[in-house]
Amino acid sequence: MSRPAMEVADILRAQGNQFLERYQSSFSYQQLKAFRAILRCRSAALGGHIDVCLKCGHQEGISYNSCRNRSCPKCQAQARERWLEARQQELLDTGYFHVVFTVPHELNPLALNSPARFYDLLFAASSQTLLEVAADPKRLGAEIGFLSILHSWSSNVLLHPHVHCVVPGGGFSPDHQRWIHTHPRFLLPIPVLRRVFRDKFLFGLKRLYSNGSLDCRGPAAAFQDRRLFEELMDRLQNKKWIVYAKPPFGGPAHVLRYLGRYTHRIAISNHRLLAFDGQRVTFRYKDYAHGSKQRIMTLDAVEFLRRFFLHVLPKSFVRIRHFGLLSNRFRSQSLTLARTLLALDGCHRLPPPPPKTPAGNPPLWHCPRCGGPMSVARRLTAAELSLSSHIDSS
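About the cut-offs
- Residues numbered from 1 in each chain as written.
- Predicted model: local features only at pLDDT ≥ 70, side-chain atom pairs only at ≥ 80, totals over all residues.
- Heavy atoms only, no water.
- Pairing = 2+ DSSP bridges.
- Helix = DSSP H or I, 4+ residues; strand = E, 2+ residues; numbered from the N terminus.
- Axes fitted to C-alpha atoms, helices over the stretch in contact; angles between N-to-C directions.
- Salt bridge = Lys/Arg side-chain N within 4 Å of Asp/Glu carboxyl O.
- 1 Å grid on protein atoms, 1.4 Å probe; cavity = no way out; pocket = protein on both sides within 12 Å on 5 of 7 lines; lining within 4 Å.
- Points joined across faces, edges and corners; volume = space filled by probe spheres on them.
- Nonpolar A, V, L, I, M, F, W, Y, C, P; charged D, E, K, R; others polar.
- Buried < 20%, exposed > 50% of the residue type's maximum accessible area, 1.4 Å probe, protein only.
- Polar contact = N/O pair within 3.5 Å; in protein donor to acceptor, adjacent residues only side chain to side chain.
- pLDDT = per-residue confidence, 0-100.
- Contact = heavy atoms within 4.5 Å.
- Parallel < 35°, antiparallel > 145°, perpendicular 65-115°, else oblique.

1. Quick notes on the sheet that holds strand 5 (residues 159–168)
Hydrogen bonds between backbone groups are what pair the strands of a sheet, and the pairing can be parallel or antiparallel.
And then number 1: Spatial ordering of the open sheet is given by 8-3-5-4-12, a layout of 5 strands whose pairing is antiparallel. Because the sheet does not close on itself, it has two edges, and the strands there are strand 8 (242–246) and strand 12 (320–324). Across the sheet, the axes of successive neighbouring strands diverge by a mean angle of 25°, strand direction being ignored.
And then number 2: Alignment of strand 3 (residues 96–102) against strand 8, held across 5 bridges, turns out to be antiparallel. Opposite V99, over in strand 8, you have A245 as the bridge partner.

Written out as structure tokens, the structure reads:
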């Protein structure tokens, strides 16, 4: 992919001070850490290195180090490739479905103030909904497993908490003796998923509120009044919640291509930025309210940065989680049993064992001359880079 015309870091360098003057008082430590990391990413401030080809000896010039912050738009590619390689070992020879659970925008102030508890509840309510409805003998009557990915943004970078769930098309029978298939084009009834998800989420939110676990200050100050909070819960109980099931994937090969778009993403890619004149930022977005049409939006730079940093997650928060038969504790045994049952089913063949991953991480950068693997030959500190004019990097 070609280098983007501009980056979030460019906007930070131009308008970062004005942004901090307005919002630093409400910034969390993690947001400030991400701010500083993105600002310094791939600059002399983080040091650098010189790479050499292990095959032909070709040496590149000095490359600046990455910040490796998960909120940085430039530091996700390698992590995504390593994650996808590991997930390739876990694909089943069956169809996959995509389900999206979204919470109403009226709850956004609570997501802003108590992100860890709010997003944990979103994971819990959505996962329990899928597991419970799938296990119901009136529905599928199977023990399923799936992968859930948290996104907190909409295409226009505003707060929009939702989880994407990638679900294999079937699961274990209650006695684990056979694989129960879903309909090829239908996973579970959406009205049932919508109702169960709403009830579970609101029940959990009321419990957090009663325990004093929600921060009801700032944007959520109105909820300090219990009467107002209960009125909101009553309104949301009667509201139609959004649970969306996208068409199923064509097969396991399509799953990895899809996951690569959804896993290690941040609020906006640098490649969606179109223009920055020093004061205003222009970017592309999809207008989902009008047929997912591509549109152009221009924002004041400070407002753009405010929206961007809404999506910095709390420290150590896990935004990709596995549930059911794909949960971390039982995944290895469950995948072996699932492949065996799918093969015995007669409709599927037992796929060959996935290729063994070579020891160590394969090189993601290859020599521009011979295509051989590149390796770090020398590491340079920021102080050494200040004397880079004396370093022969030819």
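2. Some words on the pattern of salt bridges
And then number 1: The full count for this structure, using the stated rule, is 16 salt bridges.
And then number 2: Of the charged contacts in the structure, one is a salt bridge between R280 and D277, with a shortest N-O distance of 3.4 Å.
And then number 3: In this structure, E303 and R307 form a salt bridge, with 2.9 Å as the shortest nitrogen-oxygen distance. Note that E303 and R307 are positioned in helix 9 (residues 301–309) at a spacing of 4 residues, about one turn of the helix.

3. Focus: the layout of surface pockets
To find leftover empty space, one rolls a probe the size of a water molecule over the atoms.
And then number 1: Put simply, the second largest pocket is a space of about 640 Å³.
And then number 2: Residue lining of the second largest pocket: 25 residues in total, with S26, S28, Q31, L112 and L310 positioned closest to the centre.
And then number 3: Counting only elements with at least two residues in the lining of the second largest pocket, the list comes to helix 1 (8–23), helix 2 (29–40), helix 4 (108–113), helix 5 (115–135) and helix 9.
And then number 4: Taken together, the residues of the lining of the second largest pocket sort by class into 15 nonpolar, 7 polar and 3 charged.

4. As for unusual backbone geometry
And then number 1: One non-glycine residue, R68, lies in positive phi territory at about 60°.
And then number 2: Locating R68 in the fold gives a position in the loop between strand 2 (59–64) and helix 3 (77–88).
And then number 3: The class of R68 is exposed, set by a relative accessible area of 75%.

5. Observations concerning empty space enclosed by the protein
And then number 1: This model, assessed by the stated rule, comprises 1 cavity of 30 Å³ or more.
And then number 2: When its volume is computed, the largest cavity comes out at roughly 150 Å³.
And then number 3: In terms of lining, the largest cavity is formed by R87, E90, L91, Y96, L147, V166, V255, L256, L259, H322 and L326.
And then number 4: Ranked by residue count, the leading element in the lining of the largest cavity is helix 8 (residues 252–262), at 3 residues.

6. Focus: the pairing of strand 10 (residues 280–287)
And then number 1: In this structure, strand 9 (residues 273–276) lies alongside strand 10, joined through 3 bridges in antiparallel fashion. Bridging across to strand 10, F276 finds its partner in V281.
And then number 2: In the sheet, strand 10 pairs with strand 11 (residues 293–300) via 8 bridges, with the strands oriented antiparallel. Note on strand 11: the bridge partner recorded for V281 is L299.
And then number 3: Between strand 10 and strand 11, which pair antiparallel in sequence order, lie 5 residues; one of them, G291, sits at a positive phi of approximately 70°.

7. Here we look at the side chain of H311
And then number 1: Looking at the secondary structure, you find H311 in the loop between helix 9 and strand 12.
And then number 2: Owing to a relative accessible area of 8%, H311 belongs among the buried residues under this scheme.
And then number 3: At 3.2 Å, the side chain of H311 forms a polar contact with the backbone oxygen of R307.

8. A few points about the confidence of the model for the chain
And then number 1: For the chain, per-residue confidence averages 88 on the pLDDT scale, and residues scoring 70 or more make up 93% of the total.
And then number 2: In this model, residues 390–394 is a region of pLDDT below 50 whose contacts with residues beyond four sequence positions or in other chains number 11 contacts.

9. Details of the packing of helix 6 (residues 190–210) against helix 7 (residues 226–237)
And then number 1: Running from amino to carboxyl end, helix 6 crosses helix 7 at an angle of 175°, the nearest separation of the two axes being 11 Å. Here helix 7 runs roughly antiparallel to helix 6, going by the angle between their axes. Seen from helix 6, the contacting residues are R198, D199, L202, L205, K206, Y209 and S210; seen from helix 7, they are R226, F229, M233, L236 and Q237.
And then number 2: In terms of residue class, the contact of helix 6 with helix 7 is built from 6 nonpolar, 2 polar and 4 charged.

10. Examining the sheet that holds strand 13 (residues 374–380)
And then number 1: Across the sheet, 3 strands lie side by side as 2-1-13; this open sheet has antiparallel pairing. Among the strands making up the open sheet, the edge pair consists of strand 2 and strand 13. Here the average twist between neighbouring strands, direction ignored, is 30°.
And then number 2: Relative to strand 2, strand 1 (residues 48–53) is paired through 4 bridges, and the arrangement is antiparallel. Counted as the bridge partner of V52 is Q59 from strand 2.

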